[in-house]
Every structure is written in structure tokens, then in C-alpha cells.
Amino acid sequence: MDLSFTPEEQKFREDIRAWVKENLPQDISHKVHNALELTRDDLQRWAKILGKKGWLGYGWPKEFGGPGWTAVEKHLFEEEAALAGAPRIVPFGPVMVAPVIMAYGNPEQHKRFLPGIASGEVWWSQGYSEPGSGSDLASVKTKAERQGDKYIVNGQKTWTTLGQYGEWIFCLVRTSNEGKPQTGISFLLVDMKSKGVTVRPIKLLDGGYEVNEVFFDNVEVPAENLIGEENKGWTYAKHLLSHERTNIADVNRAKRELERLKRLAKSEGVWEDARFRDEIAKLEVDVVALEMLVLRVLSAATSGKNSLDIAGLLKIKGSEIQQRYSELMMLAGGPYALPLIREAMEAGWQGNFPGGHPQLAPLTSTYFNMRKTTIYGGSNEVQRNIVAQTVLG
């Protein structure tokens, strides 16, 4: 296993770094580096900049308009963008549904849906979880009944991240109740402007609206929006989930947030505490170990070997690391990290923050938000069972 980068890969990294530095808007990178709130416009602006360059679908093959990068080049792009303060690409379109459309959609669907995803013009949402179907995703109950050349969809999805901005949503729907639960699921693309679609925001602890409920009340969906075959959606869903769980690991954001933790520790006067530095050091060791695990997968892919099926393991370790750095930031801030002043999380806020520490304003919100990481995308308890069965045997 060779974990060193070739001279060509190092040159690629330098080219990416230079391009991102030149094209990433400074107001956006300032927000990212300081954990300030990103608006829909911020996320869409960066997506369109990448789309114009042909890099929003940076993991796509050339035949579908992507750059055709190797696994190592994709990793280097992600790392340089994250360290520069670029927002995380909203994954639902380019990272999740696009590979499913490429692999299982027909040529007409390729032409219809992929250009809008690649350009950043169309915002996609994910319709997987339901009130009674989270980690046990095969139990979805949202029903799609075929009537002629259309489906009639009824049901509810929940925890739909950024669904308030969604224009299209890809859904797992039940088209049959025969056989095992997995065998009656289909993969359907739904226009969120359709009559009968209702999006209801869920208010979070910090007063923000990141997730939503989506209701379908006799929504008519053209049958041509079915991806692949009816009742084969579980196969397509598993294909997508491997992309989601690897994406959740987000080792490059962890590296950036580790540096932010060090800055906070120094500004708050706890850097000189040897015990606190020990905790930072232990976290850094785990971040490096996670990166080595990612590079191990990339090395196997590059050499043509079969990489371990460890998407679940990446998700477990990545999510735990995200929780730990948010906890250590809270400890660094102490009592001044506790006040919730939503306005202080907006760029340009000129108010007075308790103790004169405005850089601590986002910490409590982030801490509570990160509780979700070990639950979403398949809870870590379930992921450990999957790793035990597929990797350990």
C-alpha cells in the first residue's frame, strides 16, 4: 500500500489550490472558517462557480460531463476546497442522485436531469426517512400507485435536510407489499412544485430550520420519472447510501475544524493546559487515522485491488470525530460558549456578545447539531453490525 502522492498528483493539488484561492468568494470562506450561517445564496453561488468550471460533479466520469478524475484526485480536490474554506457541496444532487441516474437511468433521463445537477441550477432533496423508517429504511410506507402513465403518491418523508430549498426530490416509495419489504420499493423522482407536495420546516433547538417534513397528498408523478425497474429501488438505494456514508465521514472538514479548535484554545487561554492539549492531540491522531483509512481505500482502488466494504466504518469514525471536536470547542469556550444569540451567527453582526467573545457564538448550536451525526445516514449501532458482517465476517 503506497500512501505517498506522485509528482503529478502533487502538481494537481497545487493547481486546485490556486484555482480555489482565485475563485472562492472571500465572504463565503470567512463564514465557513468562523462557522457563521450560510444562506441558500451562499451555497448556490459556490455550486454555480464549480458548475461553470465543470467541477460540481467532480466525481463524475467524462462521458457524463465530469472531469473524469481518479479517486486520489477527487480526494485532493475535496481536501484543498475544505481547507480553503469552501462550503461543503450540497450532496443530494451531484454526489447522491446523479450516480444513481447515471447507473440505472435511461438516456432520456440522463439528458433531462444531469445538466441541471452539473450546473448547480437545480436544487435536489432526499426523500428517504419516514416517521417510522430511519435506519430500518426497508420499512418505508410512502405509497406510489400506478395509474396509467403516472403514479399517485401518498405519504410522508421526514428529516429532509434543506428541503425548504428543494426543487426536486428523489424518493423511495412502496409500489408492492408482496414478498420481503425490500422487494416492493421503487426509486422515483418528484417535482416539488407538484400539486399536493407540502414542505413543513422542523424547528431545531437553536431556533434554526435545517430539516423538514415533506407530505405527499395524491401527488401525480409521470411514470417516466421512475428510475430503473419498478420494485428494484432497494438496489439503487444501497448504491446511493454507500456514497452518502463515505461523504458523511468528511475527513477534510475534520482537518479544517481541528485547526479552528487549536485557534479557539489559544484565544481562550486553554492552550497552555497540558491536559487540554492531550485531548486535542488524541483527536488529531484519530483524524490522521481516518485520513489513512480513506487513503487506504483510494490506494486499493488505484491499484485495482478490491477495497474493503468499509463505507460504514468511515461513517462511524467520521461522525464520532465531528462530535468530539464540537465538544472540545465547547470546553475551550467554557461558560461564554453557552449563550444563544442567533444574530451573532450572522456575518457582520455588531452587537455585544457576553464576555466579548463573539467567535464563540456558533459553538452551542454546532454542538447540539452534531448530536445527529451518529444517527443519520444509518445509526452507528446499525453500521457496526453491518461492518461486523461484511468486513469481519
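If you're wondering where the values come from, they're calculated on a predicted model, not measured in any experiment.

Moving on, we get to helix α1 (residues 7–23). Here α1 contains 17 residues, and its C-alpha end-to-end distance of 24 Å stays within 8% of the 24 Å for a straight helix at 1.5 Å per residue. Considered for burial, the residues of α1 that qualify are E9, F12, R13, I16, W19 and V20. Within α1, the buried residues cover an arc of 135° as seen down the axis, which keeps them to one side. In α1, the exposed positions that point more than 90 degrees away from the buried face belong to P7, K21 and E22. The secondary structure elements touched by the buried residues of α1 are α3 (40–53) and α4 (71–84).

Moving on, we get to the side chain of S194. Inspection of the secondary structure assignment puts S194 in the loop between β5 (185–191) and β6 (197–203). Here D191 takes part through its backbone oxygen, which lies 2.6 Å from a polar atom of the side chain of S194.

Counting 31 residues, the largest nonpolar core has L261, F276, L283, I321, Y325 and L363 as its most contacted members. Once residues lying within four places of it in the same chain are set aside, the contact partners of Y325 are R253, A254, E257, L283 and M370. I101, L162, I227 and A237 belong to the second-largest nonpolar core, a separate cluster that totals 29 residues.

It is worth spelling out the UniProt feature "domain: Acyl-CoA oxidase/dehydrogenase middle" (unreviewed entry) in the chain at this point. Cross-referencing UniProt, the feature "domain: Acyl-CoA oxidase/dehydrogenase middle" (unreviewed entry) maps to residues 127–219 in the present numbering. In residues 127–219, the share of helix is 0% and the share of strand is 49%. The end C-alpha atoms are 14 Å apart.

So, about the pattern of salt bridges. Enumeration according to the criterion identifies 31 salt bridges in this entry. With a shortest N-O distance of 2.7 Å, R13 and E79 are connected by a salt bridge. Remark: E79 occurs in helix α4 and R13 occurs in helix α1; sequence separation between them is 66 residues. Between D278 and R275 there is a salt bridge, with its nearest N and O atoms 2.6 Å apart. Pair noted here: D278 and R275 are both in helix α9 (residues 274–303), with a separation of three residues, about one helical turn.

For the rest of this paragraph, the subject is the packing of aromatic side chains. Applying the stated criterion across every chain, the model contains 15 aromatic pairs. Ring geometry for F113 versus W124: centroids 5.8 Å apart, planes at 75°, classification edge-to-face. One end of the pair, F113, is in helix α6 (residues 107–119); the other, W124, is in strand β1 (residues 124–127), with 11 residues separating them in the sequence. Feature note: the residues F12, W19, W46, W55, Y58, W69 and F77 constitute an aromatic cluster, connected by ring pairs. Its guanidinium or amino end placed over the ring of W271, K266 lies 4.8 Å from that ring's centre, counting from NZ or CZ. In this structure, R371 is placed above the aromatic ring of Y367, and the distance from its NZ or CZ to the ring centre is 4.3 Å.

Calculation rules
Within each chain, residues carry numbers counting from 1 in the order of the written sequence. Two thresholds apply to this predicted model, a pLDDT of at least 70 for residue-level local features and 80 or more for giving and counting side-chain atom pairs, whereas whole-chain, interface and lining totals are computed over all residues. Hydrogens and water are ignored here; the side-chain numbers use all heavy atoms of the structure. Helix and strand assignments come from DSSP, with helices taken as H or I runs of at least 4 residues and strands as E runs of at least 2, each series counted from the N terminus. In this scheme, a helix's expected span is set at 1.5 Å multiplied by one less than its residue total. Relative accessible area decides the class of each residue, using a 1.4 Å probe on protein chains only: under 20% of the type maximum gives buried, over 50% gives exposed, and in between gives partly exposed. It is the directions from the helix axis to the C-beta atoms that the arc portrays. Should any heavy atoms of two residues lie within 4.5 Å, those residues are counted as being in contact. Any pair of N or O atoms that falls within 3.5 Å is considered a polar contact. Within protein, one atom must be able to donate a hydrogen and the other to accept it, and sequence-neighbouring residues count only if both atoms are side-chain atoms. For the purposes of this section, nonpolar cores are sets of buried Ala, Val, Leu, Ile, Met, Phe, Trp, Tyr and Cys residues that join through side-chain atoms within 4.5 Å. UniProt positions are given in the numbering used here, feature names are shortened, and annotations may be inferred rather than shown by experiment. Basic side-chain nitrogens of Lys or Arg form a salt bridge, by our definition, when they fall within 4 Å of a carboxyl oxygen of Asp or Glu. Planes of paired rings set the category: under 30 degrees apart is stacked, over 60 is edge-to-face and the rest tilted, where pairs are Phe, Tyr or Trp rings (Trp by its six-membered ring) whose centres lie within 6.5 Å. For a Lys NZ or an Arg CZ to count as sitting over a ring, it must be within 6 Å of the ring centre and within 35 degrees of the ring normal.

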